[in-house]
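Examining the three-dimensional arrangement
Given next are the chains, with one letter for each unit.
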Amino acid sequence: MITGATSGIGEACARRFAKGGYDVIATGRKAERLESLRHEVEQQGARCLPLCFDVRDAEAARQAVAALPEEWRPVSVLVNNAGLALGLDKEYEGDISEWSQMIDTNIKGLLTMTRLIVPDMVARNDGHVINIGSVAGDAAYAGGSVYCATKAAVKAITDGLRIDVAESAVRVTNIKPGLVETNFSVVRFHGDKQRADNVYKGVQPLTGDDIADVCFYAASAPKHVQIAEVLVLATHQANGTVVCREIRDER
């Protein structure tokens, strides 16, 4: 099951897991994109069940999970990917409604899906939760304090869950990407494509496929191996704030 599967890392994860032999439950808010993804996954020989709901709506999420057909149970891997950043304002000038949307999606939505799926994993003594965090969760950067706080929360929640399920065979992983060129920055800057493109100017960023490969690697490790946390950066990115944007001739 992959949340936020209609674009970016989530969409790439759906393709990668399908290629790797998994059937995919794809969740998201946009029915047309989910249907397009379903066709793509099925062309790879896997099954895809699209579930259209917003992870911020706990009751809608509960109903969607409760209505899963028996042939789609149990969920072996949960990829908590749904998330977003909005704005790049100073904290004292930020938009409170945007803060709420980030907190409700990045933290509360992740917790909701974990609460709905993990009890069955524990009961079966098998399963894997992969949370998509961020390098932004390691340290705050200018204009991003609330988003960074939500990703710091993802780390704490992931670490806490790993402790809570340690007596079982359920594995828990936090994947922390750096610069990934997806629709992420377009959303952050409210559709300003030029401003979004400038985020990646002068450096070759990661792609959604790169992060999907890491997720699949973690899920494919032997059962006795738990990939607890992975920080994935572009080659010329050192951390959340240090990026070398000089274009060099590699010849």
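What counts, and where the lines are drawn
- Residues numbered from 1 in each chain as written.
- Predicted model: local features only at pLDDT ≥ 70, side-chain atom pairs only at ≥ 80, totals over all residues.
- Heavy atoms only, no water.
- Helix = DSSP H or I, 4+ residues; strand = E, 2+ residues; numbered from the N terminus.
- Rg over C-alpha atoms; globule rule 2.2 N^0.38 Å.
- Buried < 20%, exposed > 50% of the residue type's maximum accessible area, 1.4 Å probe, protein only.
- Contact = heavy atoms within 4.5 Å.
- Lys, Arg positive; Asp, Glu negative; His and termini not counted.
- Charge placed at Lys NZ, Arg CZ, Asp CG, Glu CD.
- 1 Å grid on protein atoms, 1.4 Å probe; cavity = no way out; pocket = protein on both sides within 12 Å on 5 of 7 lines; lining within 4 Å.
- Points joined across faces, edges and corners; volume = space filled by probe spheres on them.
- Nonpolar A, V, L, I, M, F, W, Y, C, P; charged D, E, K, R; others polar.
- Core = buried A, V, L, I, M, F, W, Y, C linked by side-chain atoms within 4.5 Å.
- Salt bridge = Lys/Arg side-chain N within 4 Å of Asp/Glu carboxyl O.
- Pairing = 2+ DSSP bridges.
- Axes fitted to C-alpha atoms, helices over the stretch in contact; angles between N-to-C directions.

Some details on the overall build of the chain
Counting its secondary structure elements, the chain contains 8 helices and 6 strands. What you see in the chain, going N to C, is helices and strands ordered as α-β-α-β-α-β-α-β-α-β-α-α-α-β. The C-alpha atoms of the chain give a radius of gyration of 18 Å, which matches the 18 Å a tight globule of 251 residues would have. Oriented by its inertia axes, the alpha-carbon framework of the chain measures out at about 50 × 45 × 40 Å. Counting over 251 residues, the chain shows a buried share of 46%. For the chain, the proportion of contacts with a sequence separation of at least 24, taken over those separated by at least 6, is 70%. Between the mean site of the 28 positive side-chain charges and the mean site of the 33 negative ones, the chain shows a separation of 2 Å.

Examining empty space enclosed by the protein
A complete count under the given rule lists 1 cavity of 30 Å³ or more for this structure. Looking at the largest cavity, its volume works out to about 110 Å³. Forming the boundary of the largest cavity are 17 residues, of which Leu86, Asp89, Trp99, Met102 and Gly143 lie nearest the centre. For the lining of the largest cavity, the secondary structure elements donating two or more residues are α4 (96–124) and α5 (145–164). The residue inventory of the lining of the largest cavity, partitioned by class, reads 6 nonpolar, 5 polar and 6 charged.

Observations concerning the nonpolar core
With 30 residues, the main nonpolar core has Cys13, Phe17, Ile130, Ile175, Ile211 and Cys215 as its most contacted residues. Listed by contribution, the elements that provide at least two residues to this core are α1 (8–19), β1 (24–28), α2 (31–43), β3 (77–80), β4 (128–132) and α8 (208–220). Apart from the residues lying within four places of it in its own chain, the contact partners of Cys215 are Cys13, Phe17, Ile130, Ile132 and Ile175. Ile25, Met113, Ile117 and Val170 belong to the second largest nonpolar core, which has 23 residues in total.

Section: the layout of surface pockets
Approximately 1200 Å³ is the volume attributed to the largest pocket. Gly83, Leu84, Ala85, Tyr147 and Phe184 are the residues nearest the centre of the largest pocket, which is lined by 50 residues in total. Residue assignment for the lining of the largest pocket shows that the elements contributing at least two residues are α1, β1, α4, α5 and α6 (184–188). If you tally residues by element for the lining of the largest pocket, the top one is α6, at 4 residues. When the residues that make up the lining of the largest pocket are grouped by side-chain class, the tally is 22 nonpolar, 20 polar and 8 charged. If you add up the space inside the second largest pocket, you get close to 220 Å³. Lining the second largest pocket are 16 residues, and of these Met1, Tyr22, Asp23, Val24 and Ser76 sit closest to its centre. Mapped onto the lining of the second largest pocket, the elements with two or more residues apiece are β1 and β3.

Quick look at the pattern of salt bridges
In the structure shown here, the tally under the stated rule is 20 salt bridges. One salt-bridge network, in which partners are shared between bridges, spans Asp138, Lys155, Asp159, Arg162, Lys176 and Glu229.

Notes on the sheet that holds strand β6 (residues 229–232)
What the 4 strands build is an open sheet, ordered β3-β4-β5-β6; its pairing is parallel. The open sheet has two edge strands, β3 and β6, and neither has a second partner. Taking each pair of neighbouring strands and ignoring which way they run, the sheet shows an average axis angle of 15°. Here strand β5 (residues 171–177) pairs with β6 via 4 bridges, running parallel.

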